[in-house]
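Residue-level listing of the chains:
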Amino acid sequence: MERTLIGDVKAKIGETVKVQGWLQKLRDQKSMQFLILRDRTGLVQAAFWKKGDLELAEKISTLGTESALTVTGKVVENASVKLGGLEIQLETITVENNAEAPLPFEPFSSEALPALDFRQDWRYMDLRRTQNLLLFQAQTTLEMAMREYWTQNGFIEIHSPKIMGSPSESGAELFELTYFDRKAYLAQSPQFYKQMAMAAGFERVFEVGPVFRADPSFTSRHMTEFTGLDMEMSWIDSHEDVMSFLENWLAYAFQRVKDEHGEQIQEQFGKEMAVPSVPFPRVTMDEALNILAEVGYELPAEKKGDLDPGGERAVARYVKEKYDHDFVFLIDWPISVRPFYHMRHPDNPELTRSFDLIAGGLEITTGAQREHRYDVLRSQALEAGLSLEMTQYYLDFFRYGCPPHGGFGMGLSRLLMVMLGIENIRETVFLFRGPNRLNP
RNA sequence: GGGGGCGUGGUGUAGUUGGUUCAACAUGCGGCCCUGUCAAGGCCGAGAUCGCGGGUUCGAGUCCCGUCGUCCCCGCCA
């Protein structure tokens, strides 16, 4: 017999079906047993009259909650069943994998959930929760929509290596590894390779892939390994072209998620899925500092030209009040707080053509127009104190016809935090990796 | 790297002017009961010596020190 998904059972009233799923709840009474079964499409009740087969009844009684079962039976309408007004009259049951009792914790309890750290130890149990299933379904839709938008706009997908022979940017936050008889590093950004693709004439590329950061950061928004959404595009006039692409791409993807999962997201996360209007507000760093002064936020003295997370949140609040927008581009950052490859303003060499995207007060993206002129780039690298020895292979990208270009990198999980209103990044990722978390 | 919070049965919590509650409640688990239940209900039961080590005290889950674990903030970033 073909398996029927639980969500499709209502279309099979009067028929005998086979359903497969987990035993969410067993109500074992004197004369009857009720089994609430769950698969990825929903819940259904299976009912069994004990006297029909006492041996089978005994077997059912021993089932542990969350056991993996195959059940067959006839689907009947029954208005008194609160779960969809129907039930399956259980005929056979196969225990594919019994669940030991007690469970480490009850994923479907109405009581408080265990602490996040404990749930991470039993992540596969935690992932059984409806909310988590939805999160990864929404993530799938989100990524699919992003790819759709990219490919419809002429982008090529690349997969750059994650093992590197030399540091790609600063070097301070790199994981080092033994590579046969020498040292190698885990990529903390596909930055240089995206740009190589520009030098290769691909014109527009994107990459969705792992990024590694050896930061000993213990916050609710950092991970040592995360999925980066990166893109790079050629023949731009300025960083404005990149931002303009980004906002339309993001609005498109959010709209798709809303269409597909908006109702469920409202149900499970208690959050109205908000598709941002385009264009997003843009605030120059100069203006941002004025805003902070206006709202009375005091920036630590040593931050000159930069914003701390509190400052970013303050600006985001201001933008929310003034423009009713959850997103804001902070643009035109001073060179002192930006990497050497960001292009500088022709009319103000102290400022870069760069931007951060702040969403819900959280920094989710950094982007810029890149410096593509070899001599300028080389001198900026030297100015930044980088050794040409380490960066020459990168500088070489710009020697034989590299077009003007720019792009950005976005943290997938941070985006999900914002999209679904989740406080801790560890809740948004299949398996979290942090300074103290290497398992499971 | 700096700062702060927390650590009680499987899980979530209560218990902190230290002593007659050195252990409670919920949930889960086991047993029994029960008009077809449906956040099911009722009764009974097992389960923590209060992260670990040391100290103060006549006496500490409750105070102090150390240690380990964990969480959050800052730094850093996505």
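The structure presented is a predicted model; accordingly, all values stated were derived computationally and were not measured.

Quick notes on the rules
Residues numbered from 1 in each chain as written. Chains lettered and ligands numbered in written order. Predicted model: local features only at pLDDT ≥ 70, side-chain atom pairs only at ≥ 80, totals over all residues. Heavy atoms only, no water. Helix = DSSP H or I, 4+ residues; strand = E, 2+ residues; numbered from the N terminus. Buried < 20%, exposed > 50% of the residue type's maximum accessible area, 1.4 Å probe, protein only. Contact = heavy atoms within 4.5 Å. Polar contact = N/O pair within 3.5 Å; in protein donor to acceptor, adjacent residues only side chain to side chain. Axes fitted to C-alpha atoms, helices over the stretch in contact; angles between N-to-C directions. Parallel < 35°, antiparallel > 145°, perpendicular 65-115°, else oblique. Left-handed = near helix turned anticlockwise from the far one by under 90°. Nonpolar A, V, L, I, M, F, W, Y, C, P; charged D, E, K, R; others polar. Pairing = 2+ DSSP bridges. Phe/Tyr/Trp six-rings, centres within 6.5 Å; stacked < 30°, edge-to-face > 60°. Lys NZ or Arg CZ within 6 Å of the ring centre and 35° of its normal. Salt bridge = Lys/Arg side-chain N within 4 Å of Asp/Glu carboxyl O. Near = heavy atom within 4 Å. pLDDT = per-residue confidence, 0-100.

Caption draft 1: Representation of the environment of Asp326. Checked against the element boundaries, Asp326 lands in the loop between α8 (309-323) and β13 (327-331). Of the residues examined, Asp326 reaches a relative accessible area of 35% and is grouped as partly exposed. Sequence separation between Asp326 and Phe280 is 46 residues; the distance between their C-alpha atoms is 8.6 Å. In this view, Asp326 contacts Ala274, Lys320, Ile358, Ala359 and Gly360; residues no more than four positions away in its chain are not counted. A polar contact of 3.0 Å, which involves the side chain of Asp326, links it to the side chain of Lys320.

Caption draft 2: Here's a closer look at the packing of helix α9 (residues 374-383) against helix α10 (residues 388-395). Running from N to C, α9 and α10 cross one another at 155°; their axes reach a closest spacing of 11 Å. If you check the angle between α9 and α10, you find them roughly antiparallel. Remark: the crossing between α9 and α10 carries right-handed chirality. Here Tyr374, Leu377, Arg378 and Leu382 of α9 come into contact with α10, specifically with Leu388, Gln392, Tyr394 and Leu395. For the contact of α9 with α10, the residue count by class is six nonpolar, one polar and one charged.

Caption draft 3: Broad picture of the side chain of Arg344. Within the secondary structure layout, Arg344 lies in strand β14 (residues 344-345). For Arg344, the side chain forms a polar contact with the side chain of Gln380, separated by 3.3 Å.

Caption draft 4: Just the sheet that holds strand β12 (residues 282-284), in detail. Read across the sheet, eight strands follow the order β6-β10-β11-β18-β17-β16-β13-β12 without closing on themselves; strand pairing throughout is mixed. The two strands at the open ends of the sheet, each matched to only one other strand, are β6 (156-157) and β12. The sheet contact formed by β6 and strand β10 (residues 204-212) spans two bridges and is parallel. Considered in β10, the bridge of Ile156 is made with Val205.

Caption draft 5: Summary view of the packing of aromatic side chains. In total, this model carries 23 aromatic pairs according to the counting rule given. Pairing Phe136 with Phe430 gives two aromatic rings, centres 6.2 Å apart and planes at 90°, and the pair type is edge-to-face. Of the two residues, Phe136 is situated in helix α4 (residues 130-152) and Phe430 in the segment after α11 (412-420); the sequence distance between them amounts to 294 residues. The interplanar angle of 80° and the centroid separation of 5.8 Å between the aromatic rings of Tyr394 and Phe397 together place this pair among those described as edge-to-face. You can call Tyr394 buried: its relative accessible area is 0%. Site record: aromatic cluster; members linked through ring pairs are Phe192, Phe340, Tyr341, Tyr393, Tyr394, Phe397 and Phe398. Positioned over the ring face of Trp333 is Arg338, at 4.3 Å from the centre of the ring.

Caption draft 6: Just unusual backbone geometry, in detail. The residue after Val278, namely Pro279, is reached through a cis peptide bond having omega 0°. Relative to the helices and strands, Pro279 resides in the loop between α6 (239-269) and β12. In this model, Asn439 is joined to Pro440 through a cis peptide bond whose omega is -5°. One non-glycine residue with positive phi stands out, namely Glu203, at about 70°. Mapped onto the elements, Glu203 comes out in the loop between α5 (191-199) and β10. Residues other than glycine seldom take positive phi values, yet Trp235 does so here, at roughly 60°. Following the sequence through the fold, Trp235 ends up in the loop between β11 (225-234) and α6.

Caption draft 7: Structural detail: the pattern of salt bridges. Enumeration according to the criterion identifies 27 salt bridges in this entry. One salt bridge in this structure joins Glu207 and Lys162, with 2.7 Å as the shortest N-O distance. In this pair, Glu207 sits in strand β10 while Lys162 sits in the loop between β6 and β7 (163-164), placing the two residues 45 residues apart along the sequence. With respect to burial, Glu207 and Lys162 carry one shared label: buried. One salt-bridge network, in which partners are shared between bridges, spans Arg119, Arg123, Asp126, Arg129 and Glu427.

Caption draft 8: Seen up close, the protein's contact with RNA strand B. Close to RNA strand B lie 53 residues; Arg27, Trp49, Ser80, Ile364 and Asn424 are nearest. Expressed as a percentage, the sugar and phosphate content of the atoms of RNA strand B within 4 Å of the protein is 57%. Between RNA strand B and Asn78, the relevant distance is 3.1 Å, taken from a base nitrogen to a side-chain nitrogen or oxygen of the residue. Take Arg221: an N or O atom from its side chain is 2.9 Å from a phosphate oxygen of RNA strand B. Residue assignment for the surface near RNA strand B shows that the elements contributing at least two residues are β1 (16-28), β2 (32-39), β3 (42-49), α2 (116-121), α8, β17 (362-370) and β18 (405-411). Tallying contributions element by element places β17 first for the surface near RNA strand B, with four residues. The residue inventory of the surface near RNA strand B, partitioned by class, reads 19 nonpolar, 16 polar and 18 charged.

Caption draft 9: View of the confidence of the model for chain A. Averaged over all residues, the pLDDT of chain A equals 93, while 98% of them reach at least 70. When mean pLDDT is taken per element in chain A, β6 scores highest with 98 and α10 scores lowest with 84. As a predicted assembly, this complex carries a pTM of 0.93 together with an ipTM value of 0.90.

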